[in-house]
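Here is what each chain is made of, one letter per residue.
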Amino acid sequence: MAKSPEVKLAVFGRAGVGKSALVVRFLTKRFIWEYDPTLESTYRHQASIDDEIVTMEILDTAGQEDMLQKEGHMRWGDGFVIVYDITDRCSFEEVAPLRSLLEDIKKPKNVPLVLVGNKADLDHARQVATEEGERLAAEMACAFYECSACADEGGYVAEAFHELCREVRRR
Ligand code: GDP
Ligand code: MG
């Protein structure tokens, strides 16, 4: 039997956007309110995606690395989740620079990416319209999900990770 493919995924975004909460939600289907914000962890996870078993290594970055560490993480990854918080416009404004850095580092390849607007449950505090997320994702030619690590009825968190695996496997 062929060895199951392995993909390395890294999660990027400003500190506090919910990277750890999203990763934990994806891995355990649970929400954990407080998660050490300085913690950087990698997890292994297997899932069946389109009838193929895929092994994922997921790096949950702390979001406060220096440039050298950040570049190291970018070199390591095959695919990237860029997360912003829909209630934090600054986090949205950090998406494009992160993406340019990725493009620079992965050059000449184009980089498998998904864009996630997290904390969709906090619609009353929204600072970034859904259409803005959609427009940015269209510019970056990547998939876009608005989701919530704490109220993920639609299963969009897993969908985002699975779509990223597919994107990596297509290359
Ligand atoms: P990280 O720094 O990007 O890893 O962010 P964390 O996962 O540590 O989350 C930062 C804060 O946002 C924590 O207080 C979480 O409980 C909260 N949080 C994360 N995701 C969500 C979400 O989808 N909805 C809400 N309401 N809070 C969230
Ligand atoms: Mg974290």
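Residues numbered from 1 in each chain as written. Chains lettered and ligands numbered in written order. Predicted model: local features only at pLDDT ≥ 70, side-chain atom pairs only at ≥ 80, totals over all residues. Heavy atoms only, no water.

A. Region of the structure containing the pairing of strand E1 (residues 6-12). A large share of E1 lies buried, amounting to five of its seven residues. Looking at chain direction, E1 and strand E3 (residues 52-60) are connected through six bridges and run parallel. Following the sheet pairing, Ala10 is matched in E3 by Leu59. Bridge analysis of E1 against strand E4 (residues 79-85) gives four bridges, and the strand direction is parallel. Residue pairing across strands places Val11 opposite Val81, the latter belonging to E4. (Buried < 20%, exposed > 50% of the residue type's maximum accessible area, 1.4 Å probe, protein only. Helix = DSSP H or I, 4+ residues; strand = E, 2+ residues; numbered from the N terminus. Pairing = 2+ DSSP bridges.)

B. View of the site of ligand 1. Looking at ligand 1, there are 19 residues lining it, with Gly16, Lys19, Trp33, Asp121 and Ala149 nearest. Judged by its atoms lying within 2 Å of the grid points, ligand 1 is housed in the largest pocket. Sort the elements by how many residues they give to the shell around ligand 1 and helix H1 (residues 19-28) lands first, with three residues. Along the lines of polarity and charge, the residues of the shell around ligand 1 split into nine nonpolar, five polar and five charged. (Near = heavy atom within 4 Å. 1 Å grid on protein atoms, 1.4 Å probe; cavity = no way out; pocket = protein on both sides within 12 Å on 5 of 7 lines; lining within 4 Å. Sits in = over half its atoms within 2 Å of the grid points. Nonpolar A, V, L, I, M, F, W, Y, C, P; charged D, E, K, R; others polar.)

C. Focus on the pattern of salt bridges. In total, this model carries 17 salt bridges according to the counting rule given. Measuring nitrogen to oxygen at the nearest pair gives 3.8 Å for the salt bridge that ties Glu103 to Arg99. Note that Glu103 and Arg99 are positioned in helix H4 (residues 95-106) at a spacing of four residues, about one turn of the helix. Note on Glu103: relative accessible area 27%, which makes it partly exposed. Here Glu163 makes a salt bridge to Arg166, at a shortest N to O gap of 3.0 Å. In this pair, Glu163 and Arg166 are both assigned in helix H6 (residues 156-170), three residues apart and thus about one turn of the helix distant. Taken individually, Glu163 and Arg166 each receive the classification buried, so the pair is uniform in this respect. In the salt-bridge network here, residues are joined through shared partners; they are Asp50, Glu159, Glu163, Arg166, Glu167, Arg170 and Arg171. (Salt bridge = Lys/Arg side-chain N within 4 Å of Asp/Glu carboxyl O.)

D. Examining the pairing of E4 more closely. Extensive coverage of E4 is indicated by the burial of seven of its seven residues. The alternating pattern of E4 places Gly79, Val81, Val83 and Asp85 and Phe80, Ile82 and Tyr84 on opposite faces, both of which are buried. Examined bridge by bridge, E4 and strand E5 (residues 113-118) share six bridges and lie parallel to one another. The partner of Ile82 across the bridge, within E5, is Leu115.

Just distances and angles here, no functional claims.
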